[in-house]
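Fold and geometry: a report
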Amino acid sequence: MAYEPSERKKRMQELMQPIDKQIMMCDDVQDLFALASIMVVTSKNIFVQQLGRDGAAQIFEKIVEDLNKIGRAHV
């Protein structure tokens, strides 16, 4: 199912609400890292199941590319 851009943004905001609640439940940085780690693993599994290994790899390559840009911007 494809969303119109305005619908996608609204839906993503709705889906983010329970994640925001979980972030607020974190007591310290260790909890935040644990939450972030399980979110990455779960995201990876979703991407692999829906897009296959190569599709998932392309997404994570783009994430690494974006992280590298952030790193260079702060130097």
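Residues numbered from 1 in each chain as written. Predicted model: local features only at pLDDT ≥ 70, side-chain atom pairs only at ≥ 80, totals over all residues. Heavy atoms only, no water.

Moving on to the overall build of the protein. For the protein, the count of helices and strands is two helices and zero strands. The principal-axis extent of the C-alpha atoms belonging to the protein is close to 35 × 35 × 25 Å. The proportion of buried residues among the 75 residues of the protein is 5%. Counting only carbon and sulfur atoms, one obtains 61% of the accessible surface of the protein, whose full area is about 6700 Å². Here the protein contributes 10 positively and 11 negatively charged side chains, and the mean placements of these two sets differ by 5 Å. (Helix = DSSP H or I, 4+ residues; strand = E, 2+ residues; numbered from the N terminus. Buried < 20%, exposed > 50% of the residue type's maximum accessible area, 1.4 Å probe, protein only. Areas by Shrake-Rupley, 256 points an atom, 1.4 Å probe, with all protein chains shown as cover. Lys, Arg positive; Asp, Glu negative; His and termini not counted. Charge placed at Lys NZ, Arg CZ, Asp CG, Glu CD.)

In this section: the packing of aromatic side chains. The relative placement of two aromatic rings is captured by the distance of their centres and the angle of their planes. This structure, assessed with the given rule, holds one aromatic pair. Arranged with centres 6.1 Å apart and planes meeting at 75°, the rings of F47 and F60 form a pair that is edge-to-face. Classification of F47 as partly exposed rests on a relative accessible area of 25%. (Phe/Tyr/Trp six-rings, centres within 6.5 Å; stacked < 30°, edge-to-face > 60°.)

As a further point, take the pattern of salt bridges. Going through the model one piece at a time under the given rule, you end up with five salt bridges. Where K69 meets E65, a salt bridge forms, and the shortest distance between an N and an O atom there is 3.7 Å. Of the two residues, K69 and E65 both sit in helix α2 (residues 29-73), four residues apart, roughly one turn of that helix. Overlapping salt bridges bring together K62, E65, D66 and K69 as one network. (Salt bridge = Lys/Arg side-chain N within 4 Å of Asp/Glu carboxyl O.)

This part takes up helix α1 (residues 5-25). Along an α-helix, a turn takes 3.6 residues, which lines up residues three or four apart on a common side. Helix length check: α1 (21 residues) gives 31 Å between terminal C-alpha atoms against 30 Å at 1.5 Å per residue, within 8%. Of all bends in α1, the biggest is about 35°, found at Q17, and the proline P18 comes one to four residues later. (Expected span 1.5 Å × (residues − 1). Bend = angle between axes of the 7 residues up to and from the residue.)

With that settled, consider the environment of E14. Tracing the sequence through the fold places E14 in helix α1. Considered as a pair, E14 and V48 are 34 residues apart in the sequence and their alpha carbons are 24 Å apart.

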